[in-house]
Amino acid sequence: QVQLVESGGGLVQAGGSLRLSCAASGSIFKINAMGWYRQAPGEQRELVATITRGGSTNYADSVKGRFTISRDNAKNTVYLQMNSLKPEDTAVYYCNAAIVILLREYDYWGQGTQVTVSS
């Protein structure tokens, strides 16, 4: 059984920083792409950032220059450093990973971690 466990969310003032972590565990052969998505109340889930196994990154326009995604393949962990946070960044943040098990790739999601930015 594979699990993604997120940590690092919380309440922060506008302009502040938070660092999210997401660790994958279980019977994992390897992890391909990993990413972070977010969902604000009443909104659809949206992409925040993704990173390939080789380290290529992609960001939503709304977070470019403020957020940085990184990963540690040895630890099966992905991170999201969030700086210069804005109230509009308030959402539940979800980790996503494309995990290879027995030569097949499966899509996994974490349980979500709340990020609240006060003005």
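What you see is a predicted model, and the numbers here were worked out from it, not measured in a lab.

Points about unusual backbone geometry
Then comes step 1: For Ser 84, which is not a glycine, the phi torsion comes out positive at approximately 50 degrees.
Then comes step 2: Mapped onto the secondary structure, Ser 84 falls in the loop between β8 (77-82) and β9 (91-101).
Then comes step 3: Within the chain, Leu 103 stands out as a residue other than glycine whose phi angle is a positive 70 degrees.
Then comes step 4: Residue position: Leu 103 is located in the loop between β9 and β10 (104-109).
Then comes step 5: Taking the relative accessible area as the measure of exposure, Leu 103 reaches 75% and is therefore exposed.

So, the environment of Ser 17
Then comes step 1: As for its position among the elements, Ser 17 is in the loop between β2 (10-13) and β3 (18-25).
Then comes step 2: Placed ten residues apart in sequence, Ser 17 and Ser 7 show a C-alpha to C-alpha distance of 14 Å.
Then comes step 3: The contact partners of Ser 17, leaving out residues within four places of it in the chain, are Val 12, Gln 81, Met 82, Asn 83, Ser 84 and Leu 85.
Then comes step 4: There is a polar contact of 2.9 Å between the side chain of Ser 17 and the side chain of Asn 83.

Structural notes on the environment of Ala 91
Then comes step 1: One can find Ala 91 in strand β9.
Then comes step 2: Using a relative accessible area of 2% as the deciding quantity, one classes Ala 91 as buried.
Then comes step 3: Those residues in contact with Ala 91 that lie beyond four places of it in its chain are Arg 38, Gln 39, Ala 40, Thr 113, Gln 114 and Val 115.

Side note on the pairing of β3
Then comes step 1: With five bridges connecting them, strand β1 (residues 3-7) and β3 associate as antiparallel partners. Along β3, the bridge assignment pairs Leu 4 with Ala 24.
Then comes step 2: As defined by bridge partners, β3 adjoins β8 across six bridges and the pair is classed as antiparallel. From the neighbouring strand, Arg 19 faces β8, where its bridge partner is Gln 81.

Overview of the pattern of salt bridges
Then comes step 1: Under the counting rule described, the total for this entry stands at four salt bridges.
Then comes step 2: A salt bridge links Arg 38 to Glu 46; the shortest N-O distance between them is 2.7 Å.
Then comes step 3: Residue classification places Arg 38 among the buried residues on the basis of a relative accessible area of 7%.
Then comes step 4: Its relative accessible area of 37% is what places Glu 46 among the partly exposed residues.
Then comes step 5: In this structure, a network of salt bridges that share partners links the residues Arg 38, Glu 46, Arg 66 and Asp 89.

The rules behind each value
- Residues numbered from 1 in each chain as written.
- Predicted model: local features only at pLDDT ≥ 70, side-chain atom pairs only at ≥ 80, totals over all residues.
- Heavy atoms only, no water.
- Helix = DSSP H or I, 4+ residues; strand = E, 2+ residues; numbered from the N terminus.
- Buried < 20%, exposed > 50% of the residue type's maximum accessible area, 1.4 Å probe, protein only.
- Contact = heavy atoms within 4.5 Å.
- Polar contact = N/O pair within 3.5 Å; in protein donor to acceptor, adjacent residues only side chain to side chain.
- Pairing = 2+ DSSP bridges.
- Salt bridge = Lys/Arg side-chain N within 4 Å of Asp/Glu carboxyl O.

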